[in-house]
Amino acid sequence: MARITEELVRKRSEHNERMIGTLEELSLHQENIEKIEHLHNWCSDLKILLLQSNLISKIENLFKLKKLEYLNLAINNIEVIENLHQLESLEKLDLTLNFIGELTSVKNLAENYNLRELILTGNPCCDYHGYREFVINVLPQLKQLDCVDITRTERIQAEKRLPGIYSHIIQCQVEYKIRRDEQKLRTMQKLEQDAKAMEDLTEEERTKMFWNMKSEHSPEMRIEIAKKHHKSQQSITTDSSMPPKRTLKLFSSSGRPFCVNEPKIDFHFCDEADRYELEVKVFKFLDTAHLTVDVQPNYVRVTVKKKVFQLALDEEVKCEASSSQRSEITGHLLIKIPKLNGRITKNLVIGMERKTAGKRPKHSCIDYRNVVEISEDDEIPDLV
């Protein structure tokens, strides 16, 4: 399974420019990590450490994190609370959905005088009669237990009830330990039997049989399930029967740009005499942060959520004079690209005349001389 490596920590610290020495917050959730290691030497300034949804079975190697305020170890395989007494700054500890049956191990948090919130929901110890009263008595510094505020009245009542529930909790722990030992033995025997039953089966049949079998909720089975998931993911990535992913080519060997529409988006392209106009019909509610426009002398490229839309241009254009704007109504992206050697043609002049038709100056003189064309041969009638 996975281990905590320097590359993994740097990858998860991109918000800190991949620097781990000054890192204050680190999230390593859902990485199938089985052991806590190296973090106390690499990230001594950590204030928040998130390790939920892994396969960690023991709390260890955190004693140097003197600034740590929040530790999340929810959904792991932890059975005992230990090795946290040296975290003086710890204020919140989340141990939701683990396998903690030894409730008296809560006493190991007594020296964490800044601890204000403790979450043990989903652990076997939460089913013990008197569980909440015991924790409140052992940890007087707590303000919240399992996301419920601890009132002064509740604390007084818990103190009165402690002598009567302590022996009961010890008995519950012993009974749970016996059941847990039996579960370990039963799980190991079942895994051995299943392995023998699957010897003559194909890999596909083994996988199908494993997922169809009933299993107990235990740390051992969680590890087996994680291994099966990891193995199936590896088989998918290494399957030679899968067709190779097509490499996107944007240019030919000679450097000529190709026309590419990877996002398969509708567009409208207009070739005017002096400019190009490209309307990319992106979705109205698509965030503009997911759009990138790049205009080059012989092509225009629009990247939509990391997918490339590229259009080759027949004439060279003015890159610096180009502009792009989104419509507030439709959300479409309009890109105007002036041509480098664009000329105003006769058709363009006629179009301009039509646009200016009827827009005469306020004080204009009408030339009546050219209203009727008169030639020399025409006879002028006599005046009446």
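Rules behind the numbers
Residues numbered from 1 in each chain as written. Predicted model: local features only at pLDDT ≥ 70, side-chain atom pairs only at ≥ 80, totals over all residues. Heavy atoms only, no water. Pairing = 2+ DSSP bridges. Helix = DSSP H or I, 4+ residues; strand = E, 2+ residues; numbered from the N terminus. Axes fitted to C-alpha atoms, helices over the stretch in contact; angles between N-to-C directions. Buried < 20%, exposed > 50% of the residue type's maximum accessible area, 1.4 Å probe, protein only. Expected span 1.5 Å × (residues − 1). Bend = angle between axes of the 7 residues up to and from the residue. Parallel < 35°, antiparallel > 145°, perpendicular 65-115°, else oblique. Left-handed = near helix turned anticlockwise from the far one by under 90°. Contact = heavy atoms within 4.5 Å. Nonpolar A, V, L, I, M, F, W, Y, C, P; charged D, E, K, R; others polar. Salt bridge = Lys/Arg side-chain N within 4 Å of Asp/Glu carboxyl O.

Colleague: Go over the sheet that holds strand β15 (residues 333-338), please, and point to the residues and values.
Modeller: Strand order across the open sheet formed by 4 strands is β9-β10-β15-β14, with antiparallel pairing between neighbours. Sheet topology places β9 (267-271) and β14 (323-326) at the edges, where each strand pairs with a single neighbour. Within the sheet, the average angular offset between the axes of one strand and its neighbour, ignoring direction, is 10 degrees. Across 5 bridges, β9 lies against strand β10 (residues 275-280) in antiparallel orientation. By the bridge assignment for β10, Asp-271 is matched with Tyr-276.

Colleague: I'd like a rundown of the environment of Cys-172, residues and numbers included.
Modeller: Relative to the elements of secondary structure, Cys-172 occurs in helix α4 (residues 152-197). On the accessibility criterion, Cys-172 (13% relative accessible area) is buried. On a C-alpha basis, the gap between Cys-172 and Gly-101 in space is 8.6 Å, while along the polypeptide they are 71 residues apart.

Colleague: Please give an account of the sheet that holds strand β11 (residues 291-296) that cites residues and values.
Modeller: Across the sheet, 4 strands lie side by side as β8-β13-β12-β11; this open sheet has antiparallel pairing. Both edges of this open sheet fall to β8 (260-261) and β11, since each of them pairs with a single strand only. Two strands pair when backbone bridges link them, and β11 and strand β12 (residues 299-304) are joined in this way by 6 bridges, in the antiparallel orientation. Within β12, the position partnered with Thr-292 by the bridge is Thr-303.

Colleague: Any chance you could break down α4 for me, citing the residues and the numbers?
Modeller: For α4, with 46 residues, the first-to-last C-alpha span of 59 Å runs short of the 68 Å given by 1.5 Å per residue. Largest kink in α4: about 60 degrees, centred on Leu-162, with the proline Pro-163 one to four residues after it. Of all the positions in α4, only Ala-158, Ile-165, Ile-169, Cys-172, Gln-173, Tyr-176, Arg-180, Gln-183, Thr-187 and Asp-194 are classed as buried.

Colleague: Account for the packing of helix α3 (residues 131-138) against α4, with residues named and values stated.
Modeller: Their axes nearest at 8 Å, the elements α3 and α4 cross at an angle of 110 degrees. Judged by the inter-axis angle, α3 sits roughly perpendicular to α4. Considering how the two elements wind past one another, α3 and α4 form a crossing that is left-handed. Two secondary-structure elements touch here, α3 through Arg-132, Glu-133, Phe-134, Ile-136 and Asn-137 and α4 through Glu-154, Arg-155, Ala-158, Glu-159, Arg-161, Leu-162, Ile-165, Tyr-166 and Ile-169. The class makeup of the residues in the contact of α3 with α4 is 7 nonpolar, 1 polar and 6 charged.

Colleague: So what's going on with unusual backbone geometry? Residues and values would help.
Modeller: Phi at Asn-32 is positive, roughly 55 degrees, even though this residue is not glycine. Structurally, Asn-32 is set in the loop between β1 (25-27) and α2 (39-42). For Asn-83, which is not a glycine, the phi torsion comes out positive at approximately 60 degrees. With respect to the element layout, Asn-83 can be found in the loop between β3 (70-72) and β4 (92-94). Overall, the relative accessible area of 37% leaves Asn-83 in the partly exposed class.

Colleague: Please provide a residue-by-residue account of the pattern of salt bridges, values included.
Modeller: On inspection of all chains with the given rule, the structure shows 20 salt bridges. A salt bridge links Lys-67 to Asp-45; the shortest N-O distance between them is 3.2 Å. One end of the pair, Lys-67, is in the loop between β2 (48-50) and β3; the other, Asp-45, is in the loop between α2 and β2, with 22 residues separating them in the sequence. Judged by relative accessible area, Lys-67 falls into the partly exposed class, the value being 42%. Among the residues examined, Asp-45 registers a relative accessible area of 23% and is labelled partly exposed. One salt bridge connects Glu-203 with Lys-231, and the closest N-O pair in it is separated by 3.4 Å. Placement of the pair is Glu-203 in helix α5 (residues 203-212) and Lys-231 in helix α6 (residues 219-237), with a sequence separation of 28 residues.

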